[in-house]
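Here is what each chain is made of, one letter per residue.
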Amino acid sequence: MHQIDCPWCGVRDETEFQYQGDATVIRPAPDASEETFFKYVYVRDNPKGWHTEWWHHLGGCRQWVKVVRHTVSHEIHATGRAQDKLPVPDEGPKS
Amino acid sequence: MVERAPDFVAVTPLGDFEPFTRGAGDGVGVNLSVQPARAMVQLFARNGKADDVAKNLKLEARPGQATICKNFVTFPLSSGQWLLVSNADDPEKFAPAIEKKISGIGYISEQSDARICIRVSGLKARDLMSRGCRLDLHESVISKGFCAQTQMAQVGVLIHQVDDAPIYDLYVYAGFAKPFWQWLIDISSQFGISAENKGE
Ligand SMILES: [Zn+2]
């Protein structure tokens, strides 16, 4: 069970949030190729390690929260607002 | 002959239950009271104008704290967003009055009848809340005036601690009111319940 520190609401239980995937993908230019758009919509990495991702705080403030989480240990390194740039650690989790 | 449309009757989702008292071992531990319908608006600040809106209406912009204003109570819902609940008797005047005060810096959405309010009080009120609410409501952590949006029984709820007795007001969306009410009754039954209906 995660506890996620929402920048607006404070620390809340995972059940209030909905996972929304990779927060690092950027929409291609409108004239980009079909293949580029296909990758943008459907293709995601599945990293073993730190992952910057969206969690939608549906049961609270309804804002999108950016979270840096380790996909093996589930440690949460940082959370922030959508526009925040969050630091991603070089190495594995502390524990 | 033109057929006449049926006359519609305004009802609240919890309008049709009879008040009851059902004691448990130690008598009645929890009082549940459906509150009268109130005019409500949701208020949004335009980009970068949250502070101006808060100043114009003299409201708290930070999360977690309700503001008691002259004729209404305000709950911060999110950054630059509030729910305003009127205490006045002229519901149709509420939204236009608020709109006038934030003209150009914010906008409103009329929300009357969108949520119903259930007041939870009694000796076991906090025990009852701890059954379904994942927030820490202990008296050492929060007090009178606290408010937060969260979920209870998977239903979105706005919690307002009205008094340190404690008394809580739970604002629930009308469409979820009935199952939520049923759930409240179920988990309250071990404490003994008195349920009253002030809705109309
Ligand atoms: Zn939040």
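For the structure itself, consult the block above.
All chains use their own residue numbering, which begins from 1 and follows the written sequence. Chains carry letters from A onward and ligands carry numbers from 1 onward, assigned in written order. Residue-level local features of this predicted model are given only where pLDDT is at least 70; pairs of side-chain atoms are given and counted only at 80 or more, and the full residue set underlies all totals for whole chains, interfaces and linings. The side-chain values count all of the structure's non-hydrogen atoms but skip hydrogen atoms and water molecules.

## Comments concerning helix α3 (residues 125-132) of chain B
Residue and element names in this part refer to chain B.
And then number 1: Only protein chains enter the accessibility calculation, which uses a 1.4 Å probe; a residue is then buried when its area is under 20% of its type maximum, exposed when over 50%, and partly exposed in between. Note on conventions: DSSP H or I runs of at least 4 residues are helices, E runs of at least 2 residues are strands, and numbering of each starts at the N terminus. Among the residues of α3, those classed as buried are A125, L128, M129 and G132. Taken down its axis, α3 places every buried residue within 100° of arc, on the same side.
And then number 2: Whether two residues are in contact is decided by their heavy atoms: any pair within 4.5 Å suffices. Buried residues belonging to α3 abut β2 (30-34), β8 (115-121), β9 (147-152), β10 (155-163), β11 (167-173) and α4 (174-188). By arc we mean the arc of the directions from the helix axis to the C-beta atoms, nothing more.

## A word on the packing of aromatic side chains
And then number 1: Pairing of aromatic rings covers Phe, Tyr and Trp, the last counted by its six-membered ring, and requires centre-to-centre distances within 6.5 Å; plane angles under 30 degrees mean stacked, over 60 mean edge-to-face, and any other angle means tilted. For the coordinates displayed, the defined rule picks out eight aromatic pairs over all chains.
And then number 2: On the basis of an interplanar angle of 65° and a centroid distance of 5.2 Å, the ring pair of Y19 of chain A and W55 of chain A is categorised as edge-to-face. With Y19 of chain A in strand β3 (residues 18-22) and W55 of chain A in strand β4 (residues 50-56), this residue pair connects regions lying 36 residues apart in the sequence.
And then number 3: Measuring from centroid to centroid gives 5.4 Å for F75 of chain B and Y171 of chain B, while their planes differ by 55°, and the two rings are tilted. Remark: Y171 of chain B occurs in strand β11 and F75 of chain B occurs in strand β5 (residues 72-78); sequence separation between them is 96 residues.

## Remarks on the packing of α3 of chain B against α4 of chain B
Residues and elements named next belong to chain B.
And then number 1: Their axes nearest at 10 Å, the elements α3 and α4 cross at an angle of 120°. Classified by the angle between their axes, α3 and α4 sit oblique to one another. The crossing of α3 and α4 is right-handed. Contact residues: L128, R131 and G132 in α3; W183, L184, I187 and S188 in α4.
And then number 2: Tallied by class, residues from the contact of α3 with α4 come to four nonpolar, two polar and one charged. To obtain an axis, a line is fitted to C-alpha atoms, over the contacting stretch when the element is a helix, and the angle between two such axes runs from 0 to 180 degrees between their N-to-C directions. Reported orientations rely on four angle classes, namely roughly parallel under 35 degrees, roughly antiparallel over 145, roughly perpendicular from 65 to 115, and oblique for the rest. If you view the pair so one helix is near and one far, a crossing is left-handed when the near helix is turned anticlockwise from the far one by less than a right angle, and right-handed when it is turned clockwise. Classes in brief: Ala, Val, Leu, Ile, Met, Phe, Trp, Tyr, Cys and Pro nonpolar; Asp, Glu, Lys and Arg charged; the others, Gly included, polar.

## So, the pattern of salt bridges
Two side chains carrying opposite charge are able to pair once their charged atoms lie near each other.
Residue and element names in this part refer to chain B.
And then number 1: We define a salt bridge as a side-chain nitrogen of Lys or Arg found within 4 Å of a carboxyl oxygen belonging to Asp or Glu. In total, this model carries nine salt bridges over all chains according to the counting rule given.
And then number 2: A salt bridge links R119 to D169, with the shortest nitrogen-to-oxygen separation between them at 2.8 Å. You can see R119 sitting in strand β8 and its partner D169 sitting in strand β11, a full 50 residues away along the chain.
And then number 3: Among the residues examined, R119 registers a relative accessible area of 27% and is labelled partly exposed.
And then number 4: Overall, the relative accessible area of 5% leaves D169 in the buried class.

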